[in-house]
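Here is what each chain is made of, one letter per residue.
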Amino acid sequence: MTAFFISAVVGLIFRPRVKFTRRLPSRCMANTAIQVDYQLKNTSSRAIWDLRMDNFPFLNAEFVKGHAGSEYLAAHEGQHLNTVVIFPFRGVVKLPRSYACSSFPFGMFAWGCLGGGDNSVLVLPQVSDLDDVDLSFGGYAGEGEEDRNSNSNDTGDQEFMKIREYREGDPVRLIHWSATARLGRPVVKDFNESSHRKISIYLDEVYNPSILKERHLKTYPVFEASISLAASLVDWAKRNKVGISYVFLNNRTYELDGMTIEEEADYAMELLAKVRNNIDKSTPAFPEMETFCTAEDESACFAILNHLNDERKEFIKNHHVGTKIMTVNPRLGKVDGMEVVDYNEVLENSLRTL
């Protein structure tokens, strides 16, 4: 009892009196290590021992190298500390105010004070590297070597953008032979004169887990993988200078034309970071996306489905040539015109082909 009393009294006398700020990046990627910086100054005439920064559990943050700290800080001196943190879940993360404490002298009690600095981080979805993935399909040339070299002198400065079904009168030289063999029907290369290719992305926010327990988890792996796949397409587009025309989410259609490619990608990533799982909500963006695909806009559409109903089955039947239709939900099974992607490969960044 005496030791506890002495520890409490001495700790109170030597409690830290510091001014400090915490600095974090405004945005980062989920499951990616980032540095946290602390700039502090001892405002007391006494030295501080055993100082620890943010030394308490965070709900959505893991300090992979431990909490930042200082064994000794002399009176009126400043110091710069840093550590590494990982945010495992995407979204807007609100952190508590920064906190500095000391358990000097015996580690039985901790006295501390609050500081300032950054308290919010936008955590972006985890992405997979799609550079080794074949993104070509019936309505889009992708980024394969064959497609990059497929422009002929007969097309002038036009750029190979899409693949569409053969129409009577189309020149034989425009037939895309590999896609024709793959699809079992004649398709031709479609060109446009735009300086940048464009894509649009539809994401099903609706995901109905069949196991009741799964509804209460912090994250659904399958649902998160679908968001990561969409984010990977955005990341691929940005790095390959491909524009994004629209992002279709369940409750809204976002038009991104008029921005730079970098702004389009950053905005699309922000939208995906904030997506919530709408288990019981309707999907007003789906018919808008279907109308967009029917209009044969110059941008190719990637549709990521998380569940199937009669409306979606009809969409797959009618648009599987002009739209890349995918799912990461293994419960949907195989449907002609829709490719099933292993959600574990998406989350582990081990995708090789779609």
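The structure we're discussing is the one just above.
Since the model is a prediction, treat every value here as computed from it, not as a measurement. (Residues numbered from 1 in each chain as written. Predicted model: local features only at pLDDT ≥ 70, side-chain atom pairs only at ≥ 80, totals over all residues. Heavy atoms only, no water.)

Enquirer: When you look at the pairing of strand β3 (residues 34-42) in this model, what are you seeing that I'm missing?
Expert: Side-chain direction in a regular strand flips from residue to residue, so the side chains alternate between the two faces of the sheet. The two faces of β3 differ: Ile34, Val36, Tyr38, Leu40 and Asn42 on one face are buried, but Gln35, Asp37, Gln39 and Lys41 on the other face are not. Summarising the sheet, strand β1 (residues 18-23) and β3 pair through 6 bridges and their orientation is antiparallel. Bridging across to β3, Val18 finds its partner in Asn42. Of the pairings in the sheet, the one linking β3 to strand β7 (residues 78-86) comprises 8 bridges and is antiparallel in character. Following the sheet pairing, Lys41 is matched in β7 by Gly78. (Buried < 20%, exposed > 50% of the residue type's maximum accessible area, 1.4 Å probe, protein only. Helix = DSSP H or I, 4+ residues; strand = E, 2+ residues; numbered from the N terminus. Pairing = 2+ DSSP bridges.)

Enquirer: I would appreciate a short explanation of the nonpolar core in the present structure.
Expert: Soluble globular proteins: nonpolar side chains tend toward being buried together. Within the largest apolar cluster, 40 residues are counted, with the highest numbers of intra-cluster contacts made by Leu233, Val234, Ile244, Val247, Leu249 and Leu272. Among the secondary structure elements, those contributing two or more residues to this core are β12 (120-124), β15 (198-203), α4 (221-239), β16 (243-249), α5 (261-273) and β18 (300-305). Per element, the largest residue contribution to this core is 11 residues, and it comes from α4. (Core = buried A, V, L, I, M, F, W, Y, C linked by side-chain atoms within 4.5 Å.)

Enquirer: How do you make sense of the pattern of salt bridges when you look at a structure like this?
Expert: Taken as a whole, this structure holds 16 salt bridges when the rule is applied. One salt bridge connects Arg22 with Asp54, and the closest N-O pair in it is separated by 2.9 Å. Residue Arg22 is found in strand β1, and its partner Asp54 is found in the loop between β4 (48-53) and β5 (62-63); the two are separated by 32 residues along the sequence. For the residue pair Arg22 and Asp54, the accessibility class agrees, reading buried in each case. Here Arg239 ties to Asp235 by a salt bridge, and the two come within 3.0 Å at their closest N and O atoms. In this pair, Arg239 and Asp235 are both assigned in helix α4, 4 residues apart and thus about one turn of the helix distant. Taken together, the shared-partner salt bridges in this structure form one network comprising Arg27, Glu270 and Lys274. (Salt bridge = Lys/Arg side-chain N within 4 Å of Asp/Glu carboxyl O.)

Enquirer: Is there a simple way to explain empty space enclosed by the protein in this structure?
Expert: With the rule as written, the count across this model stands at 2 cavities of 30 Å³ or more. Estimated volume of the largest cavity: approximately 50 Å³. In terms of lining residues, the largest cavity is bounded by Arg22, Leu24, Val36, Tyr38, Asp54, Phe58, Ala61, Phe63, Val85, Phe87 and Leu95. Considering only residue class, the lining of the largest cavity consists of 9 nonpolar, no polar and 2 charged. (1 Å grid on protein atoms, 1.4 Å probe; cavity = no way out; pocket = protein on both sides within 12 Å on 5 of 7 lines; lining within 4 Å. Points joined across faces, edges and corners; volume = space filled by probe spheres on them. Nonpolar A, V, L, I, M, F, W, Y, C, P; charged D, E, K, R; others polar.)

Enquirer: Can you walk me through the packing of aromatic side chains in this structure?
Expert: Each pair of aromatic rings is reported with the distance of its centres and the angle of its planes. Scanning the entire structure with this criterion turns up 8 aromatic pairs. Each residue in the set Phe56, Phe58, Phe63 and Tyr99 is aromatic and connected to the rest through ring pairs, giving one cluster. It is Arg312 that lies over the ring of Phe286; its NZ or CZ is 4.4 Å from the centre. (Phe/Tyr/Trp six-rings, centres within 6.5 Å; stacked < 30°, edge-to-face > 60°. Lys NZ or Arg CZ within 6 Å of the ring centre and 35° of its normal.)

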